[in-house]
Amino acid sequence: MLSTQAKEALGPLFPILNKVRLQFLRLKLAGNKVLCPCCGSKYSEFAPFGDSRRKNAWCPKCESLERHRLLWMYFENKTDLYTKPHKMLHVAPETIFMSHFKKQKNIDYHPVDIFPHLYPAGTQYFDVLNHNEPDNSYDVIICNHVFQYIEDDKTAINNLYKLMTPGGWGIMQVPINGKTVKTYEDSSITDPQERLKAFGLKEHVRYYGLDYADRLRAAGFNVRVDDYTAEFSEADNYKYGFWKGDAIYYVSK
Ligand SMILES: [Zn+2]
């Protein structure tokens, strides 16, 4: 899987090249040692992913990564997402979830982003920092891997809190540096290469530490930092291609 910039640079060629690559990987990784909960496919292992060629990471059928597969099972087994009526706001909608959520009769689904053209058809324009939606509009809010791109993450988190109905819940994942407690940010670092070094990606404006939950709590959310991977054996963590210890940030109001 390539970065957004690389996809844009390849233009119309990207979907074709990606399809060929995925077909090749499906053949190369034929087997039954791992099972993707998102698409039900089995392989000898998941494909490597990213610049570091992280092992057992990328499903060559549905393109899920570790975090998608973990959340997929979390939604099914740990939330009422599929068992009660919900009005859901999904910011920066992951393709794999979007196609699934759209099909659910109990979910009044609203996929949104500030760059809707980068997401599947049906995604509406929405600026988390500046919108006109009334308070208490959504009882489920999913907003994953968004805040690390936003300078004023405090306003973004506050706005999502206001949009959530009392009794509602959400998932708000960000990349976390598990080795540090304190979030690292420095607004004087603006050069893309310097940001890459400091925050892990050229477009990121900070690298959250373990104090990320405090930022969510400061907005008013109740926060449960849930290590769902701990409920699985070593063998099952491998089988589903999870990233062991990858905590889920479950918020509620
Ligand atoms: Zn899959």
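Now for a quick tour of the structure. (Residues numbered from 1 in each chain as written. Predicted model: local features only at pLDDT ≥ 70, side-chain atom pairs only at ≥ 80, totals over all residues. Heavy atoms only, no water.)

1. Some thoughts on the side chain of Glu66
Defined as follows: The numbering of helices and of strands both runs from the N terminus, where a helix is a DSSP run of H or I of at least 4 residues and a strand a run of E of at least 2. Only protein chains enter the accessibility calculation, which uses a 1.4 Å probe. A residue is then buried if its area is under 20% of the maximum for its type, exposed if over 50%, and partly exposed in between. Contacts were defined at the residue level, with two residues in contact if any of their heavy atoms lie within 4.5 Å.
Position of Glu66 among the secondary structure elements: in helix H3 (residues 66-78). On the basis of relative accessible area, Glu66 is assigned to the buried category, the value being 5%. When residues no more than four places from it in sequence are discounted, the contact partners of Glu66 are Arg54, Asn56, Ala57, Gly241, Phe242 and Trp243.

2. Section: helix H4 (residues 95-103)
All buried positions along H4 are accounted for by Ile96, Phe97, Met98, His100 and Phe101. Looking at the buried side of H4, the elements it contacts are H3, strand E5 (86-91) and strand E6 (107-113).

3. Thoughts on the pattern of salt bridges
Here is the rule we go by: For this analysis, a salt bridge means a side-chain nitrogen from Lys or Arg found within 4 Å of a carboxyl oxygen belonging to Asp or Glu.
Throughout the structure, instances matching the rule amount to 11 salt bridges. Close ionic contact of Lys78 with Glu231 constitutes a salt bridge, the shortest N to O distance being 3.1 Å. Remark: Glu231 occurs in the loop between strand E12 (222-226) and helix H8 (234-239) and Lys78 occurs in helix H3; sequence separation between them is 153 residues. The partly exposed category is assigned to Lys78, whose relative accessible area is 33%.

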